[in-house]
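# Report on the structure
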Amino acid sequence: MMVADSPETTFVSRLLALRAGAADNLDLRNKASAEVRDHLSLIRKSAEANLLASGHGTNCAIELSQQQDEIVRGLLALACAAHATSVEATGLAVIAVGGYGRGTLAPGSDIDLLFLVPDKITEATPKLVEFILYALWDARQKVGHATRTIDDCLSLARSDTTILTSMLEARFVAGNVKFFGDMIHRYRRSVVQKGAKSFVADKLAERDQRHTKYGLSRYAVEPDIKDGKGGLRDLHTLFWIAKFLFDANSPDELAEKGVFSKDELRRFQKCEDFLWAVRCHLHFISKRGEDKLSFDVQSDLAERLGYKAHSGLKHVERFMKHYFLIARDVGNLTRIFCASLEAKHLKDAPSLSRLLGKFLPKMSRGSSLPKHFQLEAGRLDLADPGAFAEDPVNFIRIFKLAAQQGIEIHPDALKRMQGSLRRIDDAVRLSPEANGLFLDILADSGDPETILRSMNEAGVLGRFIPEFGHIVAMMQFNMYHHYTVDEHLLRTVGVLRGIESGQLAEEHPVAARLFPTLTSRRALYVAGLFHDIAKGRPEDHSIAGERMARDFCPRLGLTSAETETVAWLIRWHLLMSETAQMRDLNDFKTILDFTSIVQSPERLKLLLILTVADIRAVGPGVWNGWKGQLLRTLYAEAEPVLTGGHTAVSRKERVADAQQQFFAKMPTLGDPEKALIAQRHYDAYWLNVPVEQQLRHHGLMARASPRDVTTDVTSDAFAAVTEITVFAPDHPRLLATITGACAAANGNIIGAQIFTTTDGMALDTILLQREFADENDEQRRAQRVAETITKALRGQLRLKDAMAQARKTEYRANAFQVEPRVIIDNASSNRQTVIEINGLDRVGLLHQLTDALFQLNLNIASAHVTTFGEKAIDVFYVTDLTGAKIENETRARKIEHALMDVLAPRDAVLKTGT
């Protein structure tokens, strides 16, 4: 049948009608491209309207694919007419492969086409292919293509898994349908039937690599909806394997062949529909093939999908919680599918176990198992299908046994578990045995993070401890936390175990040294798992969490003393971090205020270890040497106060020890040089700066010219930060000038360390958010910032003009709102007024604040610059020009108003109407 002779739609008719006004084939192709472009605009508007009305993502993806089929058919018809040939004459078949081959497309998806040609092609065949491709490209579509014979396809499929997979999803679109049928018949007979196990192993390895690239956790707060863990590609991988092994062309066929139950089929379809809805909306919003759910689009997506704020959660947080629950369901379906494969096809394929997650050591031979349990394929399974009904404590017992024996739980047991969760009722929650087993898992197993994560993914943890269930899959809409609340808590437990076991002793020497001396280690693990348990509630989560802990800790079997300790740790779990990063640790009033809350050496030890674990569990790069040194300093200053003035190491000894550590790295220095270096820095420098940074500072100061400006640049790709250290003569406007130069060079400051030397020089380190992934690009960028700072301090640059000319950047924090606040505090220091400033971070904010303080005739004694994601918290210890505190109320109000104008300028307020 000639495609050109049988136009199927008005669109095809419109394309064919273009021939009448075309000067030649090139002109015809250009006109066809314009028609395709207009048609794409119409069908996308229609698809978007249908999606907004119905909410069905799979239908939207199918609609877009069907419309794309019509475009391809129309272009083939027009190409045949333009070159006076027919499908029969050329034998050409146009085949959709890849995602397009599945019959689903997102608005920004690539169009993958295979042009299947006979061994002997006609002269017109390349012209037809060229006509179609250029028409699509000129219509601004992203088209992947290949022109092959059947033998080419089969040969490549045998040697290339990517091509094998794309052919697995091959779907006829236009041309010679019989030719396509021949290819599929030969493909299944000569390729598919001979390579099942190899294909499965390759797809699982490919999946592992993809997860490593896009993030191993499915609970990262800016997930990739296509390639991230728990995303569409995981569902596609399941389907590829199913299609290969079961010759199933749809999820319904998988259910018919017993791979999925009807309930699991509904879950598969629900997951797929939701993920397609989110992906299509995302492409419509971004107007391109963007698959990362970045913060700046999450609110728009939540609005489009109809989420409303409720029960202390913003609409965007409710949407993202639903997303993460769907991602968890995808993981569960993966495990179920794996079990079916093992049972039906690949019992001896060890590669399948990678679908189950982390391998644990296998149970030793001869180990006996309690009643209700057995080993199946080396994993812990139920011997009795009614095990959970007969004794619901088995929900906890099976995880305790898995932890104790070092074996993983069989997918069949997990599947049965998830279907019986309603049996975890108050009787189980109040069972002393169940709670004892749970506490053993948490505090006494070798890898509590892995076991607890398995419990959470199976739905057992949230059912057994409803307070935890409330925060499962909950994300906090901010840039600071990298994971959902439950994932953060599980990682906190993992860090605690790493410190106690010695695995993290080198990174956290003080915490590792203190851990064996604790008398309340069980309370510490409980606090680690539950310190954010009250997130998402209207009340402050630390206060609400303290109250909740007093309720559930006795239920878990903790003593009254342990309950009190857990409640206190949850209430004050942010105290040490905030004090260390936002207060002057060299002001003794800071130490007294801190210790008045802590009150005991045991609590101090517990709080230090919990703080380290909490910060590390926030996400990659959040922990750094600065924070570690500040926490160690705060601990060392607080310990003698809490022990009645007696401590193993005095402040003077700690300064001497810090100097000794530095000099040990500089063996060529003589005693006179050591004495000069030791005297040049105040005690605060030695106590608060890591030795690695001290060594860099020494190199910087050694090459500096007298009374001139010298800079040093260090970049850390893992932490995504760049340090610029400035050594220059100190003067009142120095910090304002440095921060202004950074703003002029578009450097976003996320932290700062400010020191002066005994000879009147300033040693200031500015922490910039990294801009480039490539190290060379980032070094060049940082050097430009450093050069701008140098010129500004030397008077070679008019800072105001440079800042005005700086390019305007769209900063990620603009997706958020932070209520501006200025707190003027005369109680936290005996010598200075403490000004704490909270606001939405932006490039140039710190300069504007420091310049405002200069204009207000305030002298900055110390500055503590901290950024928690999008929220900037800058704390300045200031005096007036006579060295006195700011105690006059009128003067304080003037300062507050001036700083509030910086945080929320009046013209910005007028524009936004707030």
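The structure under discussion appears in the preceding block.
Structural notes, computed from the coordinates. Chains are numbered independently. Their residues run from 1 in the order of the written sequence. Given that the model is predicted, a residue must reach a pLDDT of at least 70 before its local features are reported, and side-chain atom pairs must reach 80 or more before they are shown or counted; all residues, however, enter totals for whole chains, interfaces and linings. As a rule here, side-chain values cover all heavy atoms of the structure and leave hydrogens and water aside.

### Details of the sheet that holds strand β2 (residues 111-116)
When DSSP finds at least two bridges between two strands, those strands are taken to pair. Helix and strand definitions here come from DSSP, where helices need a minimum of 4 consecutive H or I residues and strands a minimum of 2 consecutive E residues; each element is numbered from the N-terminal end. The strand order β3-β2-β1-β4 describes an open sheet built from four strands, whose pairing is mixed. Among the strands making up the open sheet, the edge pair consists of β3 (143-148) and β4 (171-175). Taking the axes of each pair of neighbouring strands and ignoring which way they run, one obtains an average angle of 25° across the sheet. Should any heavy atoms of two residues lie within 4.5 Å, those residues are considered in contact. All axes are obtained by fitting lines to C-alpha atoms, using only the stretch in contact for helices, and the reported angles, taken between N-to-C directions, cover 0 to 180 degrees. Across the face of the sheet, helix α3 (residues 57-82) comes into contact with β1 (93-96), β2 and β4 while running at roughly 30° to β4.

### Thoughts on the environment of F295
Relative to the elements of secondary structure, F295 occurs in helix α14 (residues 295-304). Put simply, F295 and P223 are 72 residues apart on the chain and 9.9 Å apart in space, counted from C-alpha to C-alpha.

### As for the sheet that holds strand β14 (residues 871-880)
Read from one edge of the open sheet, eight strands run β7-β8-β10-β9-β13-β14-β12-β11, paired in antiparallel fashion. Either end of the sheet is taken by a strand with one partner, and the two such strands are β7 (710-716) and β11 (821-825). When the angles between neighbouring strand axes are averaged without regard to direction, this sheet yields 20°. Taken together, the five bridges between β11 and strand β12 (residues 833-840) define a ladder with antiparallel strand orientation. If you follow I823 over to β12, its bridge partner there is E836. Set on the sheet, helix α38 (residues 775-794) makes contact with β7, β8 (721-729) and β10 (761-769); between it and β8 the angle comes to about 25°. Sheet strands touched by helix α40 (residues 845-855): β9 (749-756), β12, β13 (858-868) and β14. Its angle to β14, the strand with the most contacts, is close to 20°.

### Details of the pairing of β9
Inspection of the sheet shows β9 paired to β10 by seven bridges, in the antiparallel sense. Bridge pairing links Q753 to T765 in β10. Between β9 and the antiparallel strand that follows it, β10, lie four residues; G760 among them carries a positive phi value of about 85°. Here β9 runs beside β13; their pairing, made up of two bridges, is antiparallel. Across the sheet, residue A752 finds its bridge partner in β13, namely V865.

Coordinates in, geometry out; function isn't part of it.
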